[in-house]
Each structure stands twice: as structure tokens, then as C-alpha cells.
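This is what each chain is made of:
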Amino acid sequence: MLAVLKLLQTLLATLHSEGTPGQVAAGVALGSALGLTPLVNLHNLVIFALLVLLNVSFGGGMLGWALFVPIGFLLDPVFHRIGLGLLEAPGLRALWEAWYNTPLVPYTNFNNTVVLGSVIGWLALALPIYFAARWGVARYRATIGERVRRSRVYQAIMASRLYNIYRWFRPT
Amino acid sequence: MAVRIFRWKAIGVLVLVLAALGVLLLLFAEPIAREATEDAGSDLLGTEVDVARLDIHPRDVAVDLAGVALADPFAPERNLVEAARIGVDLDPYALAERKFVVRQLSIGGVAFGTRRERPARPPRRNGLAVQLVGAVRTWADQLDVPILSLTPIDTIRQLALDPTRLGTVQAATALVAQADSTRRAVEQGVQGLDLERTVDSARALVERLKAADPKTLGIQGTRDAIASVRRTLDEVQQARERVGALERQVRGGVDALGTGVERLDEARRRDYAFARSLLQLPSFDAPRIGKAFFGPVSIARFQQAMYWVQLARRYMPPGLLPRASTGPDRLRMAGATVRFPKERTYPKFLLEAGTVDFSIRGDGPLGGRYTAWARGVTSAPALYGRPTVIAASRRAEGAALRAVDASAVLDHLRRPPRDSITAVLDGLGLPTIDLPGLPVRVEPGKGRSRLMFVLSGDDLSARWSIASDQVRWAIDTAGRPLNGMERLVWRVISGLRDLSVTAELTGTVASPRLSVASNLDDAVASRLQAVVGEEVARAEQLARATVDSVVADKAAVARRRAEDVAAQARERIAEARQRLDEAQRQLEEELRRLTRGAGDLIPIPRVTPPW
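Basis of the calculations
Residues numbered from 1 in each chain as written. Chains lettered and ligands numbered in written order. Predicted model: local features only at pLDDT ≥ 70, side-chain atom pairs only at ≥ 80, totals over all residues. Helix = DSSP H or I, 4+ residues; strand = E, 2+ residues; numbered from the N terminus. Contact = placed C-beta atoms within 7 Å. Buried ≥ 20, exposed ≤ 12 C-beta atoms within 10 Å, placed from the backbone. Core = buried A, V, L, I, M, F, W, Y, C linked by C-beta atoms within 7 Å. Pairing = 2+ DSSP bridges. Axes fitted to C-alpha atoms, helices over the stretch in contact; angles between N-to-C directions. Expected span 1.5 Å × (residues − 1). Parallel < 35°, antiparallel > 145°, perpendicular 65-115°, else oblique. Bend = angle between axes of the 7 residues up to and from the residue. Left-handed = near helix turned anticlockwise from the far one by under 90°. Nonpolar A, V, L, I, M, F, W, Y, C, P; charged D, E, K, R; others polar. pLDDT = per-residue confidence, 0-100.

1. Brief notes about the overall build of chain B
The helix and strand inventory of chain B stands at 10 helices and 18 strands. A sequence separation of at least 24 residues applies to 70% of the contacts in chain B between residues at least 6 apart.

Dropping the structure here:
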């Protein structure tokens, strides 16, 4: 229940934040990496650092993460095929051999089919996700955003203390 | 207002998060690594691996493990090996590439075959090793071990057989159907030859030409007549070719019928054996007795060796091609993790050379200090360039256990791989063996045990033997009293003080052959033969007669039908040939008569029979 409430808070707070649609969309695009790719991997530490350091919507990042986790699970077989195809491609074998035998690189798990396939998948989807999110946020704010802001449900959700945590990372 | 790209203030938060992660890692690295070692070890070896404690020494790039136990994959209630301490020094450069190159390995407090406090859990994942355990069990199950039946045979008076379970009946039914089908095919084939038209046409032409004289026909008339004869001869020739094709087809059908008749005989032999098995007659063949007594215990030894060799082949494959294995266990799909071995780089795992001094605790015969060494234990033998060698030995003159020598050479440098294991234990207290089918067990006492197991490609050559001169026999009649034959066997074997068993495994992995010989075989076989041989012969006669009474008529009918059809088919073909020969002969005669009259103006066709 708390997770659903938090997701709603994040969603609403992000949509009504002072951040521009571009900042929210960039956050969603970065956060989608956390959802689309297996979480416990080095590249996601980099994504997290970018979410924190770049002036993008952190809430958008969390929203992207939450939204894309189920999609990631659904797409795992596709990611596996993409990764396997790349790892078994004769033309790329020299590259993989070099990476596999380079210090620290193997810790990225690049040689796992799902990790590689999902990272490639995310890279391919990042721009479409960004543009779709930017368009969606702009449309939302231009149409029903103000009415939602004045609704009692919004007031009730935003009154929760969890909203304060979000405010630490809201875009400026 | 321009939007800033970086949120510099967040660096502090990021550093804090990273620091918190670092602290968590320091606090929980060892428990996590211990659990990961247990899970990975269990998955890799297909049996439970327990680690009581794991200490990481980051400065020395070393790991100490305590209380390590490896359960027996085929006997979950005991440990294959236990080690009180294992120290591992790793190569830091290889570790940076996520590879485990062991610079030094020390093992202490080793014990073999200890009883577990609780049975080993089956591994969580149905990984390669678990599948291999199943595959090796299936492999072992195909080894034929006869059951020594010591049912009193004087109680056998009759034998009832269900005809539907007899192969001869099925084979006879199939043969009759096949014969009918062949007969129909021959009939249709003969009709399809359309011989009547060809022969009638030839006969009519011959009749017509007989009445004609070349002198009255003139040159043109004679030429036309000869052309007609030629055409008809061509038709005869074509018909002859059709007959040839039919003959080949008929020959195939007749051959199949012959095979069916042979199958009938084979099926009857199998039915005799089946009927005999229903009577549960004891076998007096010495090799069968040895196999029945000591087959299971021999198979258990070979099964262990086969499992570890096959496991080594899976984890130490020859060549340098990329290798995929199942990815890590996680909520998301595991996928496959591909390794990319490359020349002049570290393999994923390597124990380059290790000398291990270990001692076996306790005052038992195995107790004492041992020396073991290993070289080139690696996940990529082609990178290491030499076969893996593992050896352990102990010498203790005068001690209860005089010598232990065990070694394994795994040559996976190229295909086909060749693996060999040899072990000699002299002065060892040999384990008690229960004799299958009898409430009797043999306690061999101290003796000598040898194991030699070679798997070259898929070719097997293995030998396991035990020998002892301090044998004791024990009988447990609490469950049921012995019958007469069992008492006889007991009298024979309980008088023996020596035991010598040799089991040999040959053939290929797909089709292994097991033979077992022991000094009990001849003794037991000759005594049984002398006492109940006549009864067994009578029972076998009964089994054969019962089978014959059920199948004789059906088999005879089927055989007769097959022979009749084969004869008819040959006859029809011969008849067709004869008719064509006759037509051809008459046509050629007319042709000669016509050409004699026409002189050299018209060339005479040469007809060469195809046979």
C-alpha cells in the first residue's frame, strides 16, 4: 500500500513539479534504465549517479524505474536474444575477447546475454522514451494538470510526509 | 533563465550513498561471500556444499574457509569429503579481470566419507551438475545386473502364458499381414505389366507375316513388315524391362518376408527367455552369479568416477571457443553468461600448482598424514597447455593402512578428451557388502582395493577390484527363514575365507558392458548345478513347451504363408519372362525369314536381352 502511495506521490509530484517537461522526461529516460536492465549491475550505479548529479527530475527517474520494471521483466526473453546474438556475432568476437580480458570490465557483466541485451535495448529506447515522456508531461500540464492540482485526492496524497523526501531532489 | 546541467550540491549525497554502500559491503561481504560460495559450489558440483565460516583478507588477496563439507551426490546422508580449513591465496591481477587464479592452496583436517548430521539438500537450481547426476544415474541403470533368484523350483508345476504378451504371436500376425500385402503387390504389379497386349500383338503380327512371302510383298512391303517386327520387338523389350523392375520389387518383398521368418525365430527365442523369467529359475552361469552379487557395488564405484570425469569435462572443455553457461540466479531472467578465453590470458579459474599436506583425523586405518598435489586445475585447459594432474599418497609401513595412492590425469587439451583415474588402497578396511537377494552380508575386513577408470573420448575402460583374506560372513534371518537353495548358497559361501572380486567396464558411454567375476562364482554355481540342475532343466523344458503350445500353430501358418507367397511371386515373374521369350523368339524367326528374302537391302536389328 505504501509503495502504491509513494508511486502515486512520485507520479503527481513529478508531473506538477517546477521542472520543465524536458527535465522530467530526461529523468524518466534515465530511470527507465534501472527498470529495463537487471538492477544490481555496475552500469546502474552510473545511471544512479547521473540521476543525482544531472539537473534532471529525480522523481522522473524513480517514476521511469517503477514504470519500466514490469516491462523489463516482459522483455527479458527479447533482451536475451539480442544479447546472445551480439555475443555470438563472429564480427564482434575480438571486441568481447578484449573486454573480457580487460581489468574491471568483466565486473560489468557485459558478457551476460540479458544484461547486454537490455542495455542495448535501453540505449535504443532512451530517446523515444524521452520524447514520449516530454510530450506526455506537456500535454498533461496543458490539459488536465490544473484541475488535478485543485482536486481533493491530489491534496490528500501530497499531504503525506513522504512528499518531503521527494522535494530534496526536485529539479531547480 | 538558463537551466543548469549539473546539480553540484548532490555530490555530497552521492558520496554519502557510496560510503554507505561501502560500509554495508564491509559489514556483510563475508556472510554474503560465504552464502555465494555455498550456492555456487552446490550448483557447480551438483551436491550440497557447506561452509561454516569464510574470512576475507583483502590486503593479502586471500580467503580462509572453515568447516567445508561436500556431500556425496549419490548418498545424501554422508559427506564425500570434509575439510576443517582451506586457505586460498589469489592472484590480484587475475582477480581484477574477475578470474580466480589460485597462487597457493592449503587444506587441513580432511576427512572422507563422514556421516552428515542431516541429509544433504538437493541443489536449488536444476543446473548442469544436477542434470549430470540424473544422467549418470540413468547411465548406471542401463548396466544389466541380473537378479539372483533362489526360488525353490520344485513348486513349479505349470506355467500360464498370455498370448498377447508373446512376441512370436505378434511377429506371426505381422508376417501374415506382410505376406498378404506382398501377394497383392505382386498381383497388381503383374497386371500393371500389360503383357497380354504385348504378347497378343506379337502373336498377331507373327500370324500375319507367316502368310506373307517377301517375294510377293516387294521391297517396300518387306521393309514395312520388318519395321513392324522391329516395333513389336521394341515393345517386347520394354515389357521385359517392366518385368525386370517388377522382379527387383518382388525380390525386395520376398527378402522382407525372409527377414520376417527369421524374426519369428528370434521372437520365439525371446519368448522362451520370457517364459523362463516367469519361472524365476536360478542361473548357474558363474559370470551371472558374480554380477548378481557384486554388480551393484561395482556400479556404485564406476558411477562416482563417471560423474566426476563428466563434470570435469563440462567445466574443463577443450579448445578456446566462447562458452555459454546459465547466468546468475536473480529475479530477472538469468540469461546466459558467455566466457571468452583468449590465448596468453588468464583462464576463468586456475589452480596452477598446489601441494597439499593434510591429515585424516582419528585412530582409524585411514588416519595419518597425507601428501597431495594438483597441477593445472583450470577452466580452460587449452590456455594452460598441460593436462590436469591430481595425486594423493600416503606411505606408512607397519601401519594398518600400508599405502594409499590415488591420481587423476585429465587431458582436455584437444578433442577427444582423455581422462584417467587410478586409486590403490592397501591394508584398507573394506566396506561391508550386502549380497542382493539374500539376507547375507560380507565383511571383507582389511584388504586391497584398486580402481582404474579411463574414459578416452567415449570409450570406456574401467576396472575395480577388491581382495581380502580375512572375510567374515553375516546372516540376518530375523526377517524370514532361508529356503533350501538359500541355505545351500549360505553353506557354500560361509565356508570361504578369501574374497576376490574384479569388475570390468568396457564399451562406450552410450553402450557400456559390465562384467564381474569373483571367487564365489564357480563355487556357488557348481554346487547349485549339482543339486538342482536337473530340476532347472525340466523347468526350462516346461517353459519351452508352453511357449510352443501357444505359438506353434500361428508361427507355422505365418511361415507357410510367407513361403507360398514368395514361391508364387517367383513363379509369376518366371512365367512372364517365358511368355516374352517365346514372343521374341517367334518375332526374330519371322524377321530372319523376311530378311533372307530381302537380301542385304535391309539391315537386321540385333536384339540383346538385358539379362
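2. A look at the overall build of chain A
Counting its secondary structure elements, chain A contains 9 helices and 0 strands. Starting at the N terminus, the α and β elements of chain A follow one another as α-α-α-α-α-α-α-α-α. The 172 residues of chain A split such that 40% are buried.

3. A short note on the nonpolar core
Judged by nonpolar contacts, the single largest core of 109 residues is most densely connected at B:Ala172, B:Phe302 and B:Ala305. Ranked by the residues each element gives to this core, the list is headed by helix H10 (residues 519-598) of chain B, at 24 residues. The residues touching B:Phe302, leaving out its near neighbours within four places in the chain, are B:Phe453, B:Ala462, B:Trp464 and B:Leu505. A:Ala26, A:Leu34, A:Leu36 and A:Ala133 belong to the second-largest nonpolar core, a separate cluster that totals 39 residues.

4. Notes on the interface of chain B and chain A
The partner chain A presents 28 residues to the 25 residues of chain B that form the contact. At the level of elements, helix H1 (10-45) and strand S6 (336-339) of chain B are the ones that each hand at least two residues to the side of chain B that touches chain A.

5. A short note on the sheet that holds strand S12 (residues 433-435) of chain B
Residue and element names in this part refer to chain B. The strand order S12-S13-S16 describes an open sheet built from 3 strands, whose pairing is antiparallel. Strand pairing shows two members of the sheet lacking a second neighbour, S12 and strand S16 (472-475), which therefore form its edges. The sheet shows a mean angle of 25 degrees between the axes of neighbouring strands, direction not considered. Of the strand pairs in this sheet, S12 and strand S13 (residues 440-443) are connected by 3 bridges, and their pairing is antiparallel. Its bridge partner lying in S13, Asp-434 is registered against Arg-441.

6. A short note on unusual backbone geometry
Excluding glycine, residues mostly have negative phi values, and the peptide bonds linking residues are mostly trans. At the junction of B:Arg415 and B:Pro416, the peptide bond is cis and its omega measures out at -5 degrees in the coordinates. Phi at A:Leu104 takes a positive value of approximately 75 degrees, unusual for a residue other than glycine. Tracing the backbone through its elements, the reader meets A:Leu104 in the loop between helix H5 (93-100) and helix H6 (113-142).

7. Structural notes on helix H3 (residues 42-53) of chain A
Here H3(A) spans 17 Å end to end across 12 residues, near enough to the 16 Å set by a 1.5 Å rise per residue. Here the buried face of H3(A) lies against helix H2 (21-36) and helix H4 (58-87) of chain A.

8. Some remarks on the packing of H4(A) against H6(A)
Residue and element names in this part refer to chain A. Where H4 meets H6, the closest approach of the two axes is 6 Å, and the angle between their N-to-C directions is 100 degrees. By the criterion of interaxial angle, the relationship of H4 to H6 is roughly perpendicular. In contact with Gly-72, Leu-75, Asp-76, Phe-79, His-80, Arg-81, Ile-82, Gly-83, Leu-84, Leu-86 and Leu-87 of H4, H6 contributes Thr-113, Val-114, Val-115, Leu-116, Gly-117, Ser-118, Ile-120 and Gly-121.

9. Quick notes on H4(A)
Along its 30 residues, H4(A) runs just 33 Å from first to last C-alpha, ending more than 12% under the 44 Å computed at 1.5 Å per residue. Helix geometry: H4(A) is bent most strongly at A:Leu75, by close to 55 degrees, with proline A:Pro77 lying one to four residues after it.

10. Focus on the environment of B:Thr506
Residue and element names in this part refer to chain B. Position of Thr-506 among the secondary structure elements: in strand S17 (residues 499-508). With 46 residues separating them along the chain, Thr-506 and Leu-460 place their C-alpha atoms 5.1 Å apart. Apart from the residues lying within four places of it in its own chain, the contact partners of Thr-506 are Leu-460, Ser-461 and Arg-513.

11. Examining the environment of B:Ser407
Within the secondary structure, B:Ser407 is located in strand S10 (residues 403-411). The contacts of B:Ser407, once residues within four sequence positions are left out, are B:Ile390, B:Ala391 and B:Thr422.

12. Re the packing of helix H5 (residues 195-210) of chain B against helix H6 (residues 214-279) of chain B
Residues and elements named next belong to chain B. With their axes 10 Å apart at the nearest point, H5 and H6 run at an angle of 155 degrees to one another. The pairing of H5 with H6 is recorded here as roughly antiparallel in orientation. The interaxial crossing formed by H5 with H6 has left-handed handedness. On H6, the residues touching Leu-195, Thr-198, Ser-201, Ala-202, Leu-205 and Leu-209 of H5 are Ala-225, Ser-228, Val-229, Thr-232, Glu-235, Val-236 and Ala-239. Looking at the contact of H5 with H6, its residues break down into 8 nonpolar, 4 polar and 1 charged.

13. A short note on the environment of B:Val145
Residue and element names in this part refer to chain B. Inspection of the secondary structure puts Val-145 in the loop between helix H3 (128-141) and helix H4 (167-193). Its 19 C-beta neighbours within 10 Å are what place Val-145 among the partly exposed residues. The spacing of Val-145 and Ile-299 is 154 residues in sequence and 9.3 Å in space, taken between C-alpha atoms. If we ignore the near neighbours within four places in the chain, the residues touching Val-145 are Lys-291, Ala-292, Gly-295, Pro-296 and Ile-299.

14. Points about the confidence of the model for chain B
The predicted model of chain B has a mean per-residue pLDDT of 83, with 91% of residues at 70 or higher. Among the scores for the predicted complex, ipTM is 0.76 and pTM is 0.61.

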